[in-house]
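Fold and geometry: a report
Residues per chain, in single letters:
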Amino acid sequence: MHFRFSYIKIKSAVVFTTKHIKIMKRSNCSVPSQLRKENYMIDTEFLCRSRLFRGFTKEEITSLLECLNAAVKTYRKGEYIFQAGEVTENFGMIIEGKVQIISDDYWGERQILAGFGKGQLFGEAYACMEKMPLLVSAIAVEESQVLMLNAHRVLQTCTSACDFHRRLVENLVGILAKKNLTLTRKIDQISKKQSEEK
């Protein structure tokens, strides 16, 4: 089994990433140990400013990524990160690039449901739900680097029972709650508009 690695310069940090490896099953995304090890050189200052790692120091993030066995993956423009019908335990944070959530209908018509940029999460709701097939797909709009995190590793307390996990779960729940509130407001606005049209 051969993997192709490339250097990605992120500010002052250099990390190894892989091009999207299709032979990896997305539902059980195992990553080469060499890749996992190099990920901890990622720009932790950038992660400190993200919503998911809010309140963490750079040193804590380094330890946390190691505990979570996180990995950075590179996706080419137009490449699927997640595809409808699959089951995934992983969700992503965009390090560089842009990602769209799309839905393709039976006739091949594509609808763009959402767009995400640097520092934002996607796929976390499905990753937290056990064996729930994706109803939508995630695709890279441009070449993108994505920090992949396993939801089960995030939600389960590690053997050392570190405080990192508790704070990370709190941040993740806050992100999910905010997205849910935004969706509720959109539904309310659509309902009011439809009522006015009648």
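Throughout, residues of each chain are indexed from 1 in the direction in which the sequence is written. Where totals are concerned, whole chains, interfaces and linings use all residues; where local detail is concerned, this predicted model gives features only for residues with pLDDT of at least 70, and gives and counts side-chain atom pairs only at 80 or more. As a rule here, side-chain values cover all heavy atoms of the structure and leave hydrogens and water aside.

As a further point, take the overall build of the protein. Within the protein, the secondary structure is distributed over six helices and ten strands. Within the protein, the proportion of its 198 residues that are buried is 42%. Residue pairs in contact within the protein that sit at least 24 positions apart in sequence constitute 72% of those at least 6 positions apart. Of the roughly 11600 Å² of accessible surface on the protein, 52% is carried by carbon and sulfur atoms. Helix and strand assignments come from DSSP, with helices taken as H or I runs of at least 4 residues and strands as E runs of at least 2, each series counted from the N terminus. Think of it in three bands: residues with accessible area under 20% of the maximum for their type are buried, residues over 50% are exposed, and the middle band is partly exposed, with areas taken using a 1.4 Å probe on protein chains only. By definition in these notes, contact holds between two residues if any of their heavy atoms fall within 4.5 Å. Surface exposure here means Shrake-Rupley accessible area, sampled with a 1.4 Å probe, where a residue is shielded only by the protein chains that are shown.

Salt bridges are counted wherever a side-chain nitrogen of Lys or Arg sits within 4 Å of a carboxyl oxygen of Asp or Glu. The final tally for this structure, using the stated rule, is seven salt bridges. Here Glu60 ties to Arg167 by a salt bridge, and the two come within 3.1 Å at their closest N and O atoms. Remark: Arg167 occurs in helix H6 (residues 163-197) and Glu60 occurs in helix H3 (residues 58-68); sequence separation between them is 107 residues. The same class applies to Glu60 and to Arg167, which are both buried. One salt bridge connects Arg110 with Asp104, and the closest N-O pair in it is separated by 2.9 Å. Look at Asp104 and you get partly exposed, because its relative accessible area is 37%.

What follows covers the side chain of Ser50. By secondary structure assignment, the location of Ser50 is in the loop between helix H2 (44-48) and H3. Here the side chain of Ser50 touches Phe53 through a polar contact of 3.4 Å, landing on its backbone nitrogen. Non-local contacts of Ser50, meaning those with residues more than four positions away in its chain, are made with Met93 and Gly119. Pairing of N or O atoms within 3.5 Å defines a polar contact, subject to two protein rules: one partner must be a possible hydrogen donor and the other a possible acceptor, and residues neighboring in sequence count only if both atoms are side-chain atoms.

Bridge analysis of strand E6 (residues 99-104) against strand E7 (residues 110-116) gives six bridges, and the strand direction is antiparallel. By the bridge assignment for E7, Asp104 is matched with Arg110. Think of it this way: DSSP has to see at least two bridges between two strands before they count as a pair. Turn length for the E6-E7 hairpin, with the two strands adjacent in sequence and antiparallel, is five residues, and the turn residue Gly108 shows positive phi of about 85 degrees.

As summarised here, the arrangement of the four strands in space is E4-E9-E6-E7, forming an open sheet in which the pairing is antiparallel. The strands lining the two open edges of the sheet, one partner per strand, are strand E4 (80-82) and E7. Each neighbouring strand pair of the sheet contributes to a mean axis angle of 35 degrees, computed without reference to strand direction. In this structure, E4 lies alongside strand E9 (residues 137-140), joined through two bridges in antiparallel fashion. Following the sheet pairing, Tyr80 is matched in E9 by Ile139. Axes, fitted as lines to C-alpha atoms, cover a helix only where it is in contact. Angles between the N-to-C directions of the axes lie from 0 to 180 degrees.

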